[in-house]
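Close look at the chain arrangement
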Amino acid sequence: MFSGLFATYVVMAHNYAGGPTGKELFNLTDALMETMLLLFSSVAFGLGMVGMHKGNKRMLLAGLAAALLLGLGFVTMEALEFSHMISQGAGPQRSGFLSAFFTLVGTHGLHVSFGILWMVVMMGQIATKGLTGPVQARLVRLGMFWHFLDIVWICLFSIVYLMGVL
Amino acid sequence: MNQTHQNNAGAGSGSIKSYTTGFILSLVLTAIPFFLVMNGTLSHSGTVFCIFATAVLQIFVQLHYFLHLDTSSAMYWNLMSLLFTFFIIFLFVGGSIWIMHSMHYRM
């Protein structure tokens, strides 16, 4: 799905329709901040999983909580960026470039939001069910989901933000 | 470095060391392209090359250190399916861009 959205974005990336370009819209410091939040979140989750494999519930919960807060920070920054762009008249309806931008980055942001919801659910399951086999398997799957979202973000900041301001 | 301990999801588990190594490598590989774009030290094509090179490297770093993908027999089928996925993505994205650019050129 993401490969399709990336292909669409690259094809549409120069269809500005006389509207604002990436160079005028993107703030690289913010993009770097978002990258760092997601990277720290990915690592925090990983360290939590080290705790899980050691049977250390406190380390697991601390890692999950840190990953959750950093993920929330990421989604908040992205939402602020979106609302700022829309208030400037650079919403998805402005040009083909912006439609593709909001679809691609928005889909990633939606995935991160659902990852956060999944983390809340898993923290509840750890608290009520304990570290049972099924709970651990679900955490491993959530971990893969979360790390893959970080990998998708690498492509995103490279192709959308860095190539956009170049 | 990481003992590929199997569990029912077919994923390996890492150690604090593997996550720290991956983290530091990712930091460096993120800092390089951002620095190059923000300062504009290299030529346009040089910067584009560096962005793609560091992005691909960082993807492999994260696959290895965060998702514990390696060439061990336990990870063989995960690795093979991932390589196949990369191949399909390459065909899909590369093919779409190629077709749309050639349409754009002809219209």
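Residues numbered from 1 in each chain as written. Chains lettered and ligands numbered in written order. Predicted model: local features only at pLDDT ≥ 70, side-chain atom pairs only at ≥ 80, totals over all residues.

Helix and strand counts for chain B stand at 3 helices and 0 strands. Starting at the N terminus and walking to the C terminus, you meet the elements of chain B as α-α-α. Burial analysis of chain B (107 residues in total) assigns 22% to the buried set. Pairs at least 24 residues apart make up 55% of the contacts formed inside chain B by residues separated by at least 6 positions. (Helix = DSSP H or I, 4+ residues; strand = E, 2+ residues; numbered from the N terminus. Buried ≥ 20, exposed ≤ 12 C-beta atoms within 10 Å, placed from the backbone. Contact = placed C-beta atoms within 7 Å.)

Check the secondary structure of chain A and you find 6 helices and 0 strands. In sequence order, chain A lays out its α and β elements as α-α-α-α-α-α. When the backbone C-alpha atoms are referred to their principal axes, chain A occupies close to 55 × 25 × 25 Å. In chain A, which comprises 166 residues, the share counted as buried stands at 39%. Here the analysis covers contacts within chain A between residues at least 6 apart in sequence; of these, 79% occur between residues at least 24 apart.

Here helix H6 (residues 133-165) of chain A spans 47 Å end to end across 33 residues, near enough to the 48 Å set by a 1.5 Å rise per residue. Along H6 of chain A, the largest kink reaches about 30° and is centred on Phe157 of chain A. (Expected span 1.5 Å × (residues − 1). Bend = angle between axes of the 7 residues up to and from the residue.)

Every contact between the two is made by 33 residues of chain B and, on the other side, 32 residues of chain A. Going through the elements one at a time, helix H1 (16-39), helix H2 (44-65) and helix H3 (76-106) of chain B are the ones with two or more residues in the side of chain B that touches chain A. By residue class, the composition of the side of chain B that touches chain A is 21 nonpolar, 12 polar and no charged. (Nonpolar A, V, L, I, M, F, W, Y, C, P; charged D, E, K, R; others polar.)

All names here are of chain A. Helix length check: helix H4 (residues 57-87) (31 residues) gives 44 Å between terminal C-alpha atoms against 45 Å at 1.5 Å per residue, within 8%. Turning to H4, its buried residues number three or more, namely Leu60, Gly63, Leu64, Ala67, Leu68, Leu70, Gly71, Phe74 and Glu78. Residues of H4 that are buried make contact with helix H3 (28-53), helix H5 (96-129) and H6. Count one or two residues on from H4 and you reach Gly89, which has phi positive near 85°.

What follows is about the environment of Phe2 of chain A. Within the fold, Phe2 of chain A resides in helix H1 (residues 2-12). When the C-alpha atoms of Phe2 of chain A and Thr107 of chain A are compared, they prove to be 8.4 Å apart, with 105 residues separating the residues in sequence.

Interhelical geometry of H6 of chain A versus H2 of chain B gives an angle of 175° and a closest axis separation of 10 Å. Taken together, H6 of chain A and H2 of chain B sit at an angle that is classed as roughly antiparallel. Of the residues in H2 of chain B, those in contact with His147, Asp150, Ile151, Ile154, Cys155, Ser158, Leu162 and Met163 of chain A of H6 of chain A are Ile51, Phe52, Ala55, Gln58, Ile59 and Gln62 of chain B. Looking at the contact of H6 of chain A with H2 of chain B residue by residue, the classes come out as 9 nonpolar, 4 polar and 1 charged. (Axes fitted to C-alpha atoms, helices over the stretch in contact; angles between N-to-C directions. Parallel < 35°, antiparallel > 145°, perpendicular 65-115°, else oblique.)

A few words now on the nonpolar core. Val43, Ala44, Ala67, Phe101, Leu104, Phe157 and Val160 of chain A are the most contacted members of the largest nonpolar core, which has 56 residues in total. Broken down by secondary-structure element, the contributors of at least two residues to this core are H1, H3, H4, H5 and H6 of chain A together with H1 and H2 of chain B. Those residues in contact with Phe157 of chain A, other than ones at most four positions away along the chain, are Ala31, Thr35 and Leu162 of chain A. (Core = buried A, V, L, I, M, F, W, Y, C linked by C-beta atoms within 7 Å.)

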